[in-house]
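Read off the chains here:
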Amino acid sequence: MASADLLPSGHLHVSTQLTRARADARALPGPPLEMPDNLSDAYRLQDHSIAAWEDELVGWKVGGMSPASAAELGTPYLAGPIFAKSVQHAHQGRSTEMPVFEEGFAAIEPEFIIALGNTREEDRMFIGAEIASSPIPDINDYGPITVICDFGNNNGLLIGPEITDWRTRDREITVSTHINGDLIAESRLTDFPAAPLRALAFLLELAEQRGYDLPAGTFVSTGAITGVHEAKIGATSELSFSEYGTVELQLVPAVPA
């Protein structure tokens with residue numbers, strides 16, 4: 001793990017507010033004051049929060065930025081930590097309860113998840129979902145810097161069946177998102193696995209820059225496929241990945257750590 005440099009007092013206060021709100025499962029009225037204004041400081045703040053969080057770091061989420069933010073910040077992606085207690089495995093025919101922050105932000109995102117091997121040739125890929133949730137309501141409206149500071153707006157990873165032929169597949173994959181029984185979005189992917197591999201390449205480079213080891217077994221959630229679909233506590237969702245299967249989940253209230 002990277003060592004978090006000493007933060008300015010304002011950024012330290014931001015980190016403390018965000019981690020305490022998460023630990024207390026408590027929503028905030030908005031972003032704390034004195035947020036960083038650049039990527040470097042945002043990731044330094046995230047490093048500090050990771051070091052302070054009482055759970056094992058087992059993976060990373062990669063999220064996309066809007067074209068305007070990508071042009072301004074010089075990168076199309078951002079990253080946030082995934083912790084052991086937030087990872088669950090889907091079971092066929094059974095819905096998995098995924099916690100989100102009541103009165104905060106909550107969204108469901110179908111994603112391809114890569115489990116790193118000792119070499120890139122040993123990497124494995126799974127279908128699944130990222131649960132984006134934050135104590136900050138409407139967190140995405142405040143931009144990527146705020147998202148990075150609050151653990152990348154991640155609060156859960158649901159891992160489904162493995163895609164065993166992901167390196168050799170030569171036909172499209174259709175991914176669809178249903179929430180509360182309604183079809184919300186559908187994407188037909190003709191260049192799979194190009195997009196998840198681009199996200200992985202970004203994460204590998206960023207982790208090296210920040211000084212994080214990526215041992216075998218590290219999860220990388222590679223970005224929303226059909227979009228970021230906001231939902232409320234109690235919502236049910238079925239995410240379908242063509243012949244690779246489905247994952248089912250229900251959003252439930254987060255409880256204090």
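Here, the structure is the one placed above.
Below: a short report on this structure.

**So, the overall build of the chain**
Assigned secondary structure in the chain consists of five helices and 13 strands. Computed over the C-alpha atoms, the radius of gyration of the chain is 17 Å, within 12% of the 18 Å expected from 2.2 N^0.38 for a compact globule of 257 residues. Projecting the C-alpha coordinates of the chain onto the three principal axes gives extents of approximately 50 × 40 × 35 Å. The buried share of the chain, reckoned over its 257 residues, is 54%. Across the chain, every contact between residues at least 6 apart in sequence was considered, and the portion connecting residues at least 24 apart equals 73%.

**Quick look at the pairing of strand 7 (residues 154-162)**
Burial runs high along strand 7: seven of the nine residues are buried. Taken together, the three bridges between strand 3 (residues 87-89) and strand 7 define a ladder with parallel strand orientation. Within strand 7, the residue paired with Val87 across the bridge is Leu157. Inspection of the sheet shows strand 6 (residues 124-134) paired to strand 7 by six bridges, in the antiparallel sense. Bridging from a neighbouring strand, Gly128 pairs with Ile159 of strand 7.

**Here's the deal with the packing of aromatic side chains**
Applying the stated criterion to the full structure yields seven aromatic pairs. Arranged with centres 5.8 Å apart and planes meeting at 65 degrees, the rings of Phe112 and Phe241 form a pair that is edge-to-face. With Phe112 in strand 5 (residues 105-115) and Phe241 in strand 12 (residues 236-241), this pair connects stretches of sequence that are 129 residues apart. Residues Phe112 and Phe241 agree in their burial class; the two are buried. One aromatic cluster in this structure is built from Trp53, Phe83 and Phe151.

**Thoughts on the nonpolar core**
If you look at the biggest cluster of nonpolar residues, it comprises 66 residues, and the most contacted ones within it are Phe112, Phe241, Leu249 and Leu251. Setting aside anything within four residues of it in sequence, one finds Leu249 in contact with Ser95, Thr96, Met98, Ile108, Ala129, Ile131, Leu158, Ala235, Thr236, Ser237 and Leu239. Val58, Phe126, Ile159 and Phe219 belong to the second largest nonpolar core, which has nine residues in total.

**Considering the sheet that holds strand 8 (residues 173-179)**
Spatial ordering of the open sheet is given by 4-13-12-8-9, a layout of five strands whose pairing is mixed. Every interior strand has two partners, whereas the edge strands, strand 4 (96-100) and strand 9 (182-189), have only one. Strand after strand, the sheet turns through a mean of 20 degrees between neighbouring axes, direction not considered. Of the pairings in the sheet, the one linking strand 8 to strand 12 comprises five bridges and is antiparallel in character. In the sheet register, Val175 faces strand 12, and the bridge partner there is Phe241.

**Some thoughts on the pattern of salt bridges**
Per the stated rule, a full pass over the model turns up 11 salt bridges. With a shortest N-O distance of 2.8 Å, Asp150 and Arg22 are connected by a salt bridge. Residue Asp150 is found in the loop between helix 4 (144-149) and strand 7, and its partner Arg22 is found in helix 1 (residues 9-23); the two are separated by 128 residues along the sequence. Among the residues examined, Asp150 registers a relative accessible area of 1% and is labelled buried. On the accessibility criterion, Arg22 (6% relative accessible area) is buried. For the salt bridge of Asp123 with Arg120, the shortest nitrogen-to-oxygen distance reads 2.7 Å. Residue Asp123 is classed as buried on the basis of its relative accessible area of 5%.

About the cut-offs
Residues numbered from 1 in each chain as written. Predicted model: local features only at pLDDT ≥ 70, side-chain atom pairs only at ≥ 80, totals over all residues. Heavy atoms only, no water. Helix = DSSP H or I, 4+ residues; strand = E, 2+ residues; numbered from the N terminus. Rg over C-alpha atoms; globule rule 2.2 N^0.38 Å. Buried < 20%, exposed > 50% of the residue type's maximum accessible area, 1.4 Å probe, protein only. Contact = heavy atoms within 4.5 Å. Pairing = 2+ DSSP bridges. Phe/Tyr/Trp six-rings, centres within 6.5 Å; stacked < 30°, edge-to-face > 60°. Core = buried A, V, L, I, M, F, W, Y, C linked by side-chain atoms within 4.5 Å. Axes fitted to C-alpha atoms, helices over the stretch in contact; angles between N-to-C directions. Salt bridge = Lys/Arg side-chain N within 4 Å of Asp/Glu carboxyl O.

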